[in-house]
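Okay, here's what each chain looks like letter by letter:
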Amino acid sequence: MAGFATKRLGKELSKINSNSLPPGIELVSADNFEEWFLDIRVLDSNPLYLNQIYRLKFRFSPQYPIEPPEVTFVKLADRPIPIHPHIYSNGIICLDLLGQQGWSPVQNVESVCMSLQSMLTGNSRNERPAGDEEFVRANRLRPKDIDFYYDDNNV
C-alpha cells in the first residue's frame, strides 16, 4: 500500500482508538490498512431498523483518500443487509459519496459511517432498489467499478 494511504489510515485508526466513534458506530477489526470492518446501528426509533446492527466492510486502495474506499454491507448470521432503496441485497451501496463524483479526500471512515447511519435513519421505504434481483444475479463488477446513476436523493 502506498505511503500516503498508510499514513492517512494510521491517523484515522489512531483517532478512532483514542477518541472512540460516535454513538452507534463500532470498530470491529482493522488488522491492516487494506480492509476494515465496522458495525453501525440506527439510533432513532425508525421501525425498519429498530434493534438491528449492520456490518460494513471498508476496502482501501493504495490511492486512498484520493480515491474513495469500497464500502459494502456484509451479511452474517446476526448482521442482515439493511433493506433500503439504495442498498442491494448483496450489500452493494448506491451512494454518490462512495463514487468518484461525490467523494472528497476530506471524508473518512467515520464520516462515511455517519452518512450511512443518516441514510438509514431518514428512510421510510421498506424496499430494495429497482432491479435488485437482476443486478445481484448478473453483476460481476466490484462496487467501485459500477457506474451508478444517482437519480433519487430523497431517500
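In the block above lies the structure referred to throughout.
On a predicted model such as this, the values are computed, not experimentally measured, just so you know.

Rules used in this analysis
Residues numbered from 1 in each chain as written. Predicted model: local features only at pLDDT ≥ 70, side-chain atom pairs only at ≥ 80, totals over all residues. Heavy atoms only, no water. Helix = DSSP H or I, 4+ residues; strand = E, 2+ residues; numbered from the N terminus. Rg over C-alpha atoms; globule rule 2.2 N^0.38 Å. Contact = heavy atoms within 4.5 Å. Areas by Shrake-Rupley, 256 points an atom, 1.4 Å probe, with all protein chains shown as cover. Lys, Arg positive; Asp, Glu negative; His and termini not counted. Charge placed at Lys NZ, Arg CZ, Asp CG, Glu CD. Expected span 1.5 Å × (residues − 1). Buried < 20%, exposed > 50% of the residue type's maximum accessible area, 1.4 Å probe, protein only. Arc of directions from axis to C-beta. Pairing = 2+ DSSP bridges. Axes fitted to C-alpha atoms, helices over the stretch in contact; angles between N-to-C directions. Salt bridge = Lys/Arg side-chain N within 4 Å of Asp/Glu carboxyl O.

> Help me understand the overall build of the protein, please; the structure alone is not making it clear to me.
Helix and strand counts for the protein stand at three helices and four strands. Shown N-terminal to C-terminal, the secondary structure of the protein runs as helices and strands in the order α-β-β-β-β-α-α. Taken over the C-alpha trace, the protein has a radius of gyration of 15 Å; the compact-globule value for 155 residues is 15 Å, and the two agree within 12%. Expressed as a percentage of contacts within the protein between residues at least 6 apart in sequence, the contacts between residues at least 24 apart total 62%. In the structure as shown, the protein presents an accessible area of about 8600 Å², 48% of it carried by carbon and sulfur atoms. Separation of charge centres in the protein, based on 16 positive and 20 negative side chains, amounts to 4 Å.

> Would you take a moment to explain helix α1 (residues 3–19) for this structure?
Structurally, the α-helix is built with 3.6 residues per turn, so residues lying three or four positions apart point the same way. The terminal C-alpha atoms of α1, which comprises 17 residues, lie 24 Å apart, in line with the 24 Å expected from a rise of 1.5 Å per residue. Inspection of α1 places A5, R8, L9, E12, L13 and I16 among the buried residues, and these make up the whole buried set. Projected down its long axis, α1 carries its buried residues within an arc of 135°, all on one side. Every exposed residue of α1 that faces more than 90 degrees away from the buried side is listed here: G3, F4, K7, K11, N17, S18 and N19. Buried positions along α1 lie against β1 (25–29), β2 (35–40) and α2 (109–121). Among the residues trailing α1, S20 stands out with phi positive, at a value near 65°.

> So what exactly am I meant to see when it comes to the pairing of β1 here?
Regular strands show a simple pattern: their side chains alternate between the two faces of the sheet. One ladder, built from four bridges, connects β1 with β2; its direction is antiparallel. The partner of E26 across the bridge, within β2, is D39.

> Explanation requested: the sheet that holds strand β4 (residues 70–74) in the structure shown.
Note on sheets: strands pair through backbone hydrogen bonds, and any given pair is parallel or antiparallel. Spatial ordering of the open sheet is given by β1-β2-β3-β4, a layout of four strands whose pairing is antiparallel. At either end of the open sheet lies a strand with only one pairing partner, and these are β1 and β4. Taken pair by pair, the neighbouring strands of this sheet meet at an average axis angle of 30°, ignoring direction. Pairing of strand β3 (residues 54–59) with β4 involves five bridges; the strand directions are antiparallel. Its bridge partner lying in β4, F58 is registered against V71.

> Hey, could you run me through the pattern of salt bridges in this one?
Between side chains of opposite charge, a pair can form when the charged atoms approach closely. One pass over the structure, following the stated rule, counts nine salt bridges. A salt bridge links R8 to E12; its shortest N-O distance comes to 2.9 Å. In this pair, R8 and E12 are both assigned in helix α1, four residues apart and thus about one turn of the helix distant. R8 gets classed as buried once you look at its relative accessible area, which sits at 17%. Here D39 makes a salt bridge to R79, at a shortest N to O gap of 2.9 Å.

> How do you make sense of the environment of V112 when you look at a structure like this?
Position of V112 among the secondary structure elements: in helix α2. Those residues in contact with V112 that sit more than four places away from it in its chain are F58, V71, L97, L98 and W103.

Nothing here speaks to function; it is all geometry.
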